[in-house]
Amino acid sequence: METKLKPDERGYFGSFGGAFIPEMMQANVTELRENYKQIMASDEFRQEFEKLLSDYVGRPSPLYLATRLSDKYGAHIYLKREDLNHTGSHKINNALGQIILAKKLGKKKIIAETGAGQHGVATATACALMGIECVVFMGEIDVARQAPNVGRMKMLGATVVPVSSGSKTLKDATNEAMRYWISNPFDTHYIIGSVVGPHPYPDMVARFQSVISEEIRKQLKEKTGTEFPDRVIACVGGGSNASGAFFHFIEDEQVELIAAEAAGKGLESGFTAAATFKGKSGILHGSKTLFMQTDDGQVVEPHSISAGLDYPGIGPALAHWFESGRVKYEAVTDEEAMTAGKELCLLEGIIPAVESAHALATLDKINIRPGETIVINLSGRGDKDLETYLERL
Ligand SMILES: *Cc1c(COP(=O)(O)O)cnc(C)c1O
């Protein structure tokens, strides 16, 4: 049995995972669990998914040797350009995979949660493409601070529901989407945007995102003669782009895997989102995982300058890879991410998402061996973050 990559039949990666859900959600989650592998393995599914990934998303995304960045660090640094995907990030890979799956299960309506709005936009896009009704739950605070993405979702025909409970951000939007699903169980599929939630979501979403590392291996082989970089680096909110970038390297121990968590204003500041550094084990959004909590188990409000990393926990596989030591975690502050993001603009002419800038910032934290090969997953583009960058220029 393989526990590093795939969960056991109850959805556990080591001691994390499972499906802790109310009775009223059981039918939907069971239907998904009993069907997802078989549907994903069918020729019909694969052909439709692969065609959309190539002709609609624009895959394979380039693996770009960033020469000026490489010169600065004395290494061969490749950027996996998920920022060039349609809708601007890796989120579209998962949204398309899940909507094809939902169609095959006969669902008529899609719901989703979103923080920065990237997953909401990807889901609204997939729904428009398929002609399926789309409802997106979004915290009131995020609705206000991510106005351009709210506009995009509306243009794409989605209904955006502002959530005013709790801290009015991502975790509250997730709670609200789960509540809605419970009261509309029959014709609705819930497209979760990361490798979080009850089994089978963490496994299913990782599989949809695994196209990232599948391509990295192939592209690196073409460019360098070997499929294996020395290191792969990705940022972690819930962990979907990291899971995708790590997936086909997990078994290859010679490849060091590094996850960048958002330290916010600093690990000891009380304003952070670094779940492995500050979290404890508990149940969050349907699975057992690491998240920031008070002594009596209440979720602690996260903080990160990037809305996509502003989540109190991480997915169960990410928690397992932390516990087992397979993935190394680095904490990156808001300020360090800003500096690294601006550096990429000037060295390479690429404006990265502030989330992705956290991955770039780890270059200053790891001990780079001269001439080594590093792949950084550039999870998204920074157009949505211009205001954040400009305020600090
Ligand atoms: C949503 C998002 C993330 C964080 O989510 P993961 O599930 O951890 O990948 C990172 N980068 C970008 C650009 C995003 O939109």
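Looking at an unreviewed UniProt entry, the chain carries the name Tryptophan synthase beta chain, with the source organism given as Reichenbachiella faecimaris. Heading Pathway (unreviewed entry) of the UniProt record for the chain holds this comment: "Amino-acid biosynthesis; L-tryptophan biosynthesis; L-tryptophan from chorismate: step 5/5."

1. Concerning the confidence of the model for the chain
Across the chain, the average pLDDT comes to 96, with 99% of residues at or above 70. The secondary-structure element of the chain with the lowest mean pLDDT is helix α6 (residues 140-145), recorded at 90, while strand β4 (residues 76-81) shows the highest, at 99.

2. Focus on the UniProt feature "domain: Tryptophan synthase beta chain-like PALP" (unreviewed entry) in the chain
Those places that UniProt annotates as "domain: Tryptophan synthase beta chain-like PALP" (unreviewed entry) correspond, in this numbering, to residues 58-380. Structurally, residues 58-380 is divided into 40% helix and 21% strand, and its ends, taken at the C-alpha atoms, are 14 Å apart.

3. Describing the site of the ligand
In the vicinity of the ligand lie 18 residues, with K91, S194, G237, S240 and S379 positioned nearest. Within the contact set of the ligand, an oxygen atom lies 2.8 Å away from a side-chain nitrogen or oxygen of K91. Between an oxygen atom of the ligand and a main-chain N or O atom of G238, the distance comes to 3.1 Å. Calculation on the ligand without its partners gives an accessible area of 380 Å², and the protein chains cover 97% of this total. Secondary structure elements with two or more residues in the shell around the ligand: β9 (231-236) and α11 (240-246).

4. Examining helix α8 (residues 170-183)
In a regular helix each residue adds 1.5 Å, so 14 residues correspond to 20 Å; α8 covers 20 Å between its end C-alpha atoms and thus fits that length. Of all 14 residues in α8, ten are buried; the element is thus mostly enclosed. For α8, the set of buried residues is L170, K171, D172, A173, T174, A177, M178, Y180, W181 and I182.

5. Some points on the environment of G115
Among the secondary structure elements, G115 is positioned in the loop between β5 (109-114) and α5 (118-130). Here the alpha-carbon distance between G115 and A307, two residues 192 residues apart in the chain, equals 6.0 Å. Setting aside residues up to four positions removed in sequence, G115 forms contacts with M138, D142, Q146, L170 and A307.

6. Focus on the sheet that holds strand β8 (residues 188-191)
Taken in spatial order, the four strands of this open sheet run β7-β6-β5-β8, and their pairing is parallel. On the outer flanks of this sheet lie β7 (159-163) and β8, each paired with one strand and no other. Here the average twist between neighbouring strands, direction ignored, is 25°. Inspection of the sheet shows β5 paired to strand β6 (residues 133-139) by six bridges, in the parallel sense. The residue of β6 that forms the bridge with K109 is E133.

About the criteria used
- The numbering scheme is per chain: residues are counted from 1 as the chain's sequence reads.
- Thresholds applied to this predicted model are a pLDDT of at least 70 for local features of residues and 80 or more for the giving and counting of side-chain atom pairs; totals over whole chains, interfaces and linings are not thresholded and use all residues.
- Excluding hydrogens and water, the side-chain values take into account all heavy atoms of the structure.
- UniProt positions are given in the numbering used here, feature names are shortened, and annotations may be inferred rather than shown by experiment.
- The predictor rates its confidence in each residue with pLDDT, a number between 0 and 100.
- Runs of H or I in DSSP of at least four residues are treated as helices and runs of E of at least two as strands, each being numbered from the N terminus.
- Nearness is defined per residue: one heavy atom within 4 Å of the molecule or strand is enough.
- N or O atoms closer than or at 3.5 Å make up a polar contact, with two conditions inside protein: a donor-capable atom paired with an acceptor-capable one, and, for residues adjacent in sequence, both atoms drawn from side chains.
- Where accessible areas are quoted, they stem from the Shrake-Rupley method and a 1.4 Å probe; at the residue level, only the protein chains shown are allowed to cover.
- One less than the number of residues in a helix, times 1.5 Å, gives the span that helix is expected to have.
- Relative accessibility decides the category of a residue: with a 1.4 Å probe and only protein chains considered, values under 20% of the type maximum give buried, values over 50% give exposed, and everything between is partly exposed.
- The contact criterion used is simple: two residues touch if any of their non-hydrogen atoms lie within 4.5 Å.
- Pairing between two strands requires that DSSP report at least two bridges joining them.
- In this analysis, axes come from line fits to C-alpha atoms, helices being fitted only over the stretch in contact, and the angle between any two N-to-C directions falls in the range 0 to 180 degrees.

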